[in-house]
Amino acid sequence: MKKALITGITGQDGSYLAELLLSKGYEVHGIVRRSASFNTGRLDHIYQDPHLPGARLKLHYGDLNDGNNLASVIGLAQPDEVYNLAAQSHVRVSFDMPIYTCDTDAVGSLKLLEAVRVFEAQSGKKVRYYQASSSEMFGKVQEVPQKETTPFWPRSPYGCAKVFSHWITVNYRESYGMHASCGILFNHESPRRGETFVTRKITRAVGRIKLGMQKKLYLGNIDALRDWGFAGDYVEAMWLMMQQPTADDYVISTGKMITVREFCQLSFGHVGLDYKDFVEIDPRYFRPAEVEQLLGDCSKAQRVLGWKPKVDVKGLAVMMVENDLELARREKTLRDAGHEMPESTGHDQ
């Protein structure tokens, strides 16, 4: 039985990846940060569903900032594959917390790579390593579309940290012969996306507005262009990279780009509403340095991995709106039953 270790397993990508690996017969180990409250909501269904192999999912306390802890967890898990998905992943927040973002996303990745390298040297076991790189590394884009050879020009502390993580992974591959691959993933969303991210902020508001629980949605630059795909598709690409005989780097994207404004149109339009009646612009959500357009060329992944996205952006918007409509209905039922459910102002995300 293959064993995999996932950092960031409680996040959107981590939960989809855990499901995928369990379905393929893996024993899955995940690193979770110690907290005063449980943050495993995206994984709970795996333990609760008798048809899912919850016994093969094992969680360990840990943190990318603690190299000794990472080494201990790797020694316990004895993984065949390591997927580094953990990060402070919110671009706007990285301007408010640049040091923490770089400590976690950049230096944390180095600590994990070094722990894997030492484990390989001491145990004699070869480990395949996946680094979650990001389209935000392209930032002020030097060509459209962006591919694996496009120069990086990051425009945020998050993007800068991801560039370091990307190149240190390449360096370990070239210096130590590690099977270490980078997936340069463009924006990928799902019903499990955190509510502070723009797509989920939009679809969450659509559900609440449709049911009269919210009046307005406040956004920043709605003319920014993004290449949006479905997270469930993108974790399959991660796994495919780990199955290749040699490690490499791949852009994972849909190859299609729309504005935040158009995503609003798709989302509100699905429930028969006009976004212009509800969306207002709030300067607090603008980034100090904006990334105007991200469009990925995933032809290498299609050619080498045999991967292509299954869900387009319209299908993604519908999937997320339907999920958040149901969530809003449940909230409204609780509120109508007398539970305290304050009305959202649209500023709370």
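Our structure's up above, just so we're on the same page.
Scope of this entry: the structure provided in the associated data block. This structure is a prediction, so every number in the text was calculated from the model and none was measured.

All right, on to the overall build of the protein chain then. Scanning the protein chain from N- to C-terminus turns up eleven helices and 13 strands. Relative to the globule expectation of 20 Å for 349 residues, the C-alpha radius of gyration of the protein chain, 20 Å, shows essentially globular dimensions. The buried share among the 349 residues of the protein chain stands at 54%. Restricting the contact set of the protein chain to residue pairs at least 6 apart, pairs at least 24 apart contribute 80%. Entry remark: accessible area of the protein chain is about 15100 Å², with carbon and sulfur atoms responsible for 53%. Within the protein chain, the 43 negative side-chain charges are centred at a point lying 2 Å from the centre of the 43 positive side-chain charges.

Here we come to the pairing of strand S5 (residues 128–134). With six of seven residues buried, S5 lies mostly within the body of the structure. One ladder, built from four bridges, connects strand S4 (residues 81–84) with S5; its direction is parallel. Looking at the pairing, Glu-81 lines up with Arg-128 of S5. Pairing of S5 with strand S6 (residues 179–185) involves seven bridges; the strand directions are parallel.

Turning our eyes to something else, we now look at the pattern of salt bridges. Side chains that differ in sign of charge can pair as their charged atoms come close. Evaluated as defined, the whole model comprises 24 salt bridges. Between Lys-2 and Glu-81 there is a salt bridge whose closest N-O contact spans 3.5 Å. Of the two residues, Lys-2 is situated in the segment before strand S1 (3–7) and Glu-81 in strand S4; the sequence distance between them amounts to 79 residues. A relative accessible area of 37% means that Lys-2 is categorised as partly exposed.

Our focus in this paragraph is the layout of surface pockets. Empty space within the second largest pocket amounts to approximately 170 Å³. Along the walls of the second largest pocket sit Arg-226, Trp-228, Thr-254, Lys-256, Met-257, Ile-258, Pro-309, Lys-310, Val-311, Asp-312 and Val-313, which together make up its complete lining.

Further remarks concern the sheet that holds strand S2 (residues 27–32). Note: strands within a sheet are paired through backbone hydrogen bonds, in either parallel or antiparallel orientation. Read from one edge of the open sheet, seven strands run S3-S2-S1-S4-S5-S6-S11, paired in parallel fashion. Only two strands of the sheet have a single neighbouring strand rather than two, namely strand S3 (57–61) and strand S11 (249–252). Each strand of the sheet is rotated relative to its neighbour by a mean of 20°, with strand direction disregarded. By the bridge criterion, five bridges tie S2 to S3 in an arrangement that is parallel. Residue pairing in the sheet places Val-32 in a bridge with Tyr-61 of S3. Sitting on the sheet, helix H8 (residues 231–242) is in contact with S4, S5, S6 and S11, with an inclination near 155° to S6.

Rules behind the numbers
- Residues numbered from 1 in each chain as written.
- Predicted model: local features only at pLDDT ≥ 70, side-chain atom pairs only at ≥ 80, totals over all residues.
- Heavy atoms only, no water.
- Helix = DSSP H or I, 4+ residues; strand = E, 2+ residues; numbered from the N terminus.
- Rg over C-alpha atoms; globule rule 2.2 N^0.38 Å.
- Buried < 20%, exposed > 50% of the residue type's maximum accessible area, 1.4 Å probe, protein only.
- Contact = heavy atoms within 4.5 Å.
- Areas by Shrake-Rupley, 256 points an atom, 1.4 Å probe, with all protein chains shown as cover.
- Lys, Arg positive; Asp, Glu negative; His and termini not counted.
- Charge placed at Lys NZ, Arg CZ, Asp CG, Glu CD.
- Pairing = 2+ DSSP bridges.
- Salt bridge = Lys/Arg side-chain N within 4 Å of Asp/Glu carboxyl O.
- 1 Å grid on protein atoms, 1.4 Å probe; cavity = no way out; pocket = protein on both sides within 12 Å on 5 of 7 lines; lining within 4 Å.
- Points joined across faces, edges and corners; volume = space filled by probe spheres on them.
- Axes fitted to C-alpha atoms, helices over the stretch in contact; angles between N-to-C directions.

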